[in-house]
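# Coordinate inspection notes
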Amino acid sequence: HSTAFIGYVKINGNDYFLWRNSHGGRYTAEDKFLTPTDCCWFDSQTLRAMLSSMNRYCGAFAILPESVN
C-alpha cells in the first residue's frame, strides 16, 4: 500500500505532519483543519519513531516537501 505526507503545520512552536494512508478512512478527526479520515497528524517525536522503524516494513520511501514555507 502507499502512504504520503501531504501537510505540515506549526502550532505553538510544535511541528505536525499530515500523513495520508491508502487504506481509506480509518481515522477520525474533528478538528479545525477538517482532516480527511484517511489522514492523521504526527508530531515530530512520532514521525521520528515511524521513520526509524521503516526499514522493517518497506523497501523504499521518500519524503518530498512541496513547500519550504
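Criteria and cut-off values
Residues numbered from 1 in each chain as written. Predicted model: local features only at pLDDT ≥ 70, side-chain atom pairs only at ≥ 80, totals over all residues. Heavy atoms only, no water. Pairing = 2+ DSSP bridges. Helix = DSSP H or I, 4+ residues; strand = E, 2+ residues; numbered from the N terminus. Axes fitted to C-alpha atoms, helices over the stretch in contact; angles between N-to-C directions.

What follows is about the sheet that holds strand E3 (residues 39–43). With antiparallel pairing, the 3 strands of this open sheet are ordered in space as E1-E2-E3. Either end of the sheet is taken by a strand with one partner, and the two such strands are strand E1 (3–11) and E3. Pairwise comparison of adjacent strand axes, ignoring direction, gives a mean angle of 25° for this sheet. Pairing geometry for strand E2 (residues 14–21) and E3, over 5 bridges, is antiparallel. Its bridge partner lying in E3, Phe-17 is registered against Phe-42.

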